[in-house]
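Per-entry structural report
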Amino acid sequence: MAAKIIDGKAIAEQVNRETAELAAKLFAERGVKPGIAVVLVGSDPASQVYVNSKDRKAGELGFNSLKIDLPAATSQITLLTEIARLNRDPQVHGILVQSPLPKHISEKEIILAIDPAKDVDCFHPYNVGKMLIGEPDGFLPCTPWGVMMLLERSGINPAGKHAVIIGRSNIVGKPMMAMLVQKAKGADATVTVCHSRTPDIASFTRQADIIVAAIGKANFLTADMIKPGAVVIDVGINRIPDAAAKSGTRLVGDVDYAAVAEKASAITPVPGGVGPMTIAMLMRNTLRACQKANGLPMA
Ligand code: NAP
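What counts, and at which threshold
Residues numbered from 1 in each chain as written. Predicted model: local features only at pLDDT ≥ 70, side-chain atom pairs only at ≥ 80, totals over all residues. Heavy atoms only, no water. Axes fitted to C-alpha atoms, helices over the stretch in contact; angles between N-to-C directions. Helix = DSSP H or I, 4+ residues; strand = E, 2+ residues; numbered from the N terminus. Parallel < 35°, antiparallel > 145°, perpendicular 65-115°, else oblique. Left-handed = near helix turned anticlockwise from the far one by under 90°. Contact = heavy atoms within 4.5 Å. Nonpolar A, V, L, I, M, F, W, Y, C, P; charged D, E, K, R; others polar. Near = heavy atom within 4 Å. Polar contact = N/O pair within 3.5 Å; in protein donor to acceptor, adjacent residues only side chain to side chain. Areas by Shrake-Rupley, 256 points an atom, 1.4 Å probe, with all protein chains shown as cover. Buried < 20%, exposed > 50% of the residue type's maximum accessible area, 1.4 Å probe, protein only. Lys, Arg positive; Asp, Glu negative; His and termini not counted. Salt bridge = Lys/Arg side-chain N within 4 Å of Asp/Glu carboxyl O. 1 Å grid on protein atoms, 1.4 Å probe; cavity = no way out; pocket = protein on both sides within 12 Å on 5 of 7 lines; lining within 4 Å. Points joined across faces, edges and corners; volume = space filled by probe spheres on them. Phe/Tyr/Trp six-rings, centres within 6.5 Å; stacked < 30°, edge-to-face > 60°. Lys NZ or Arg CZ within 6 Å of the ring centre and 35° of its normal. Pairing = 2+ DSSP bridges.

Time to look at the packing of helix 2 (residues 45-60) against helix 10 (residues 274-293). Between helix 2 and helix 10, the shortest axis-to-axis distance is 10 Å and the interhelical angle comes to 55 degrees. The orientation of helix 2 relative to helix 10 falls into the category oblique. Crossing angle aside, the handedness with which helix 2 passes helix 10 is right-handed. Note on element contacts: helix 10 touches helix 2 through Ile279, Leu282 and Met283, opposite Ser53, Lys54, Lys57 and Ala58. Counted by class, the contact of helix 2 with helix 10 contains four nonpolar, one polar and two charged residues.

Okay, here's the thing in structure tokens:
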């Protein structure tokens, strides 16, 4: 069986079109534009690429976008002062501080300093708690929310299914678990979470109807680790050497794509799967923050 390819790029474009329409309506009715501030400390090349693509996407959707580049030597107190200024700025509805931060800055302190009403990454414990208890007026973390959206818009209902997540990070694995297990439409799965201390991961993945791989290890999930007809969502992004590529490298996920696609019923590619959804959900969160700040129901 050849799997259906879940086209994250197309679904993200659909979500983005809807976000842009809602933003245009907000501007027409209230004269406000959603505003996002993206803060980059240092010049990590991968972070620069991410920040530029978020800035570009915000512009395309009709948002105000503020890109703040700070030198790598920026002190924690200077960054906290900058965040306090953005917290007060009524034109800024969402604040994102690109990680990783330089080692001398405490990521935890920075996350706590962002006003939860502007925490569009959903990293603040206040919003993480709301997500966990299923409060609908908070934010949802962008990557796992993107996965939920991919499932929903591909007609895959997790209700009553066994979902196995590999990875338990705070930004992907743990919130993915909380979202899939939620007592709610589009969720209601039975969830197992595997990690580096799980013995015999294949014995869990072989039972899974839905597998979410979020590990950061190229080609980790092989065809012998899945049951026929499983849905496979690949969150991983890994750069591996490729002599045939112009750059000498290429991006792959955590899934041995070609072989797993022969056995799965649906699969996300890398690139073009989960990746575009993450930015789409970030923009949706920023729109939601703007709607809430203006006393409107959140989309
Ligand atoms: P992370 O913080 O490094 O967490 C990796 C998780 O995988 C940890 O829970 C770790 O277990 C587990 N793990 C590592 N090696 C393992 C192994 N051999 N067997 C079983 N579990 C193992 O990574 P992350 O931030 O969650 O990201 C995971 C991947 O997704 C990365 O490739 C990242 O680039 C990608 N990502 C993509 C997007 C996107 O938009 N597409 C967004 C975020 C992340 P322990 O907890 O036991 O250490």
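Let's shift gears to the site of the ligand. Taken together, 21 residues surround the ligand, and among them Arg168, Ser169, Ser196, Ile237 and Thr278 come closest. Within the contact set of the ligand, an oxygen atom lies 2.7 Å away from a side-chain nitrogen or oxygen of Arg168. Separating an oxygen atom of the ligand from a backbone N or O atom of Val235 is a distance of 3.4 Å. Taking 920 Å² as the accessible area of the ligand by itself, protein coverage stands at 70%. Here the shell around the ligand gets three residues from one element, more than from any other, and that element is helix 10. Classifying every residue of the shell around the ligand by side-chain character gives nine nonpolar, ten polar and two charged.

Attention now goes to the side chain of Lys118. Positionally, Lys118 belongs in the loop between helix 4 (107-113) and helix 5 (125-133). Buried and without a salt bridge, Lys118 has Asp115 as its closest oppositely charged side chain, separated by 5.6 Å. Apart from residues no more than four positions distant in its own chain, Lys118 is found in contact with Leu86, Asn87, Arg88, Asp89, Val92, His93, Gly94, Ile95 and Phe139.

Another point: empty space enclosed by the protein. The tally for this structure, following the rule as stated, stands at one cavity of 30 Å³ or more. Here the largest cavity is characterised by a volume of approximately 110 Å³. Lining the largest cavity, in full, are Ile95, Leu96, Val97, Ser99, Leu101, Glu107, Ile110, Ile111, Ile114, Asp119, Asp121 and Phe123. Of all the elements in the fold, those that place two or more residues in the lining of the largest cavity are strand 4 (94-97) and helix 4. Of the residues contributing to the lining of the largest cavity, the split by class is eight nonpolar, one polar and three charged.

For any pair of aromatic rings, geometry is given as the distance between the ring centres together with the angle between the planes. Taken as a whole and assessed by the stated rule, the structure comprises zero aromatic pairs. Sitting over the ring of Phe27, Lys33 keeps its end group 5.7 Å from the ring centre.

Turning to the sheet that holds strand 4, a few remarks are in order. The three strands lie next to each other as 3-2-4, forming an open sheet whose pairing is parallel. The open sheet has two edge strands, strand 3 (64-70) and strand 4, and neither has a second partner. Direction aside, neighbouring strands of the sheet carry axes that sit 15 degrees apart on average. Of the pairings in the sheet, the one linking strand 2 (residues 35-41) to strand 4 comprises four bridges and is parallel in character. If you follow Val39 over to strand 4, its bridge partner there is Val97. Contacts from helix 2 reach strand 2, strand 3 and strand 4 within the one sheet, and its direction differs from that of strand 2 by about 165 degrees. In this fold helix 3 (residues 76-88) packs onto strand 2, strand 3 and strand 4, with an angle of close to 170 degrees to the strand it touches most, strand 3.

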